[in-house]
Amino acid sequence: MCIRIAVVDDLPKIATWDPDEVTILVDRGTHPHDLIRELHAILTIDLGAPASPCAGLLCFCGTRVELPRELEPVAVLSGAPTL
């Protein structure tokens, strides 16, 4: 099962891993640069996903992680070489 990303309100951190739902919860309104950096760290460091500066955010199985529509302006940054 691939990792999903869900946007929630009033999360105490920028992003947090929810293993029960195989979901990374992200706080609504987080600055895009901080969000992408945090998601990249959770995926690669905590979950062992492959790191590829050109592929954007990847699941531990290698599949691209899709961002919710609410975060679409951020999606342009997900493939940035400097995460």
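Because the structure is a prediction, the values reported are computed rather than measured.

The rules behind each value
Residues numbered from 1 in each chain as written. Predicted model: local features only at pLDDT ≥ 70, side-chain atom pairs only at ≥ 80, totals over all residues. Heavy atoms only, no water. Core = buried A, V, L, I, M, F, W, Y, C linked by side-chain atoms within 4.5 Å. Buried < 20%, exposed > 50% of the residue type's maximum accessible area, 1.4 Å probe, protein only. Helix = DSSP H or I, 4+ residues; strand = E, 2+ residues; numbered from the N terminus. Contact = heavy atoms within 4.5 Å. Pairing = 2+ DSSP bridges. Axes fitted to C-alpha atoms, helices over the stretch in contact; angles between N-to-C directions. Salt bridge = Lys/Arg side-chain N within 4 Å of Asp/Glu carboxyl O.

Trainee: So what exactly am I meant to see when it comes to the nonpolar core here?
Mentor: One broad trend across soluble globular proteins is that nonpolar side chains are buried collectively. Counting residues in each nonpolar core, the largest one holds 19 residues, and the members touching the most others are Ile 5, Ile 24, Val 26, Leu 39 and Leu 43. When residues of this core are traced back to their parent elements, those giving at least two are strand S1 (4–8), strand S3 (23–27) and helix H1 (32–46). With 5 residues, H1 is the largest single contributor of residues to this core. The contacts of Val 26, once residues within four sequence positions are left out, are Ile 5, Ala 6, Val 7, Val 8, Leu 11, Ile 14, Ala 15, Leu 35, Leu 39 and Leu 71.

Trainee: What am I meant to see in the sheet that holds S1 here?
Mentor: The pairing of strands in a sheet happens through backbone hydrogen bonds and is either parallel or antiparallel. Strand order in the open sheet formed by 3 strands is S1-S3-S2, with mixed pairing between adjacent strands. Sheet topology places S1 and strand S2 (15–18) at the edges, where each strand pairs with a single neighbour. The mean angle between the axes of side-by-side strands here comes to 25 degrees, regardless of whether they run parallel or antiparallel. Two strands pair when backbone bridges link them, and S1 and S3 are joined in this way by 5 bridges, in the parallel orientation. Note that in S3 the partner of Arg 4 across the bridge is Thr 23.

Trainee: Explain the pairing of S2 to me, please; I cannot follow it from the model alone.
Mentor: Residues in a regular strand point their side chains to alternate faces of the sheet. Where S2 meets S3, 4 bridges bridge the pair, whose relative direction is antiparallel. Bridged to Trp 17 within S3 is Ile 24. From the end of S2 to the start of S3, which pair antiparallel, there are 4 residues, and Val 22 there has a positive phi angle of about 50 degrees.

Trainee: Where do I start with the pattern of salt bridges in this structure?
Mentor: For side chains of opposite charge, pairing can occur when their charged atoms come near one another. For the structure on display, the rule yields 2 salt bridges. A salt bridge links Asp 9 to Arg 28; the shortest N-O distance between them is 2.6 Å. Residue Asp 9 is located in the loop between S1 and S2, and its partner Arg 28 is located in the loop between S3 and H1; the two are separated by 19 residues in the primary sequence. Residue classification places Arg 28 among the partly exposed positions, given a relative accessible area of 39%. Of the charged contacts in the structure, one is a salt bridge between Arg 28 and Glu 70, with a shortest N-O distance of 2.1 Å. Of the two residues, Arg 28 is situated in the loop between S3 and H1 and Glu 70 in the loop between H1 and helix H2 (72–75); the sequence distance between them amounts to 42 residues. In the salt-bridge network here, residues are joined through shared partners; they are Asp 9, Arg 28 and Glu 70.

Trainee: Looking at this model, I keep getting lost on the side chain of Thr 44. Mind explaining?
Mentor: Along the polypeptide, Thr 44 turns up in helix H1. Beyond its immediate chain neighbours, meaning those up to four positions away, Thr 44 contacts Ala 49, Pro 50 and Ala 51.

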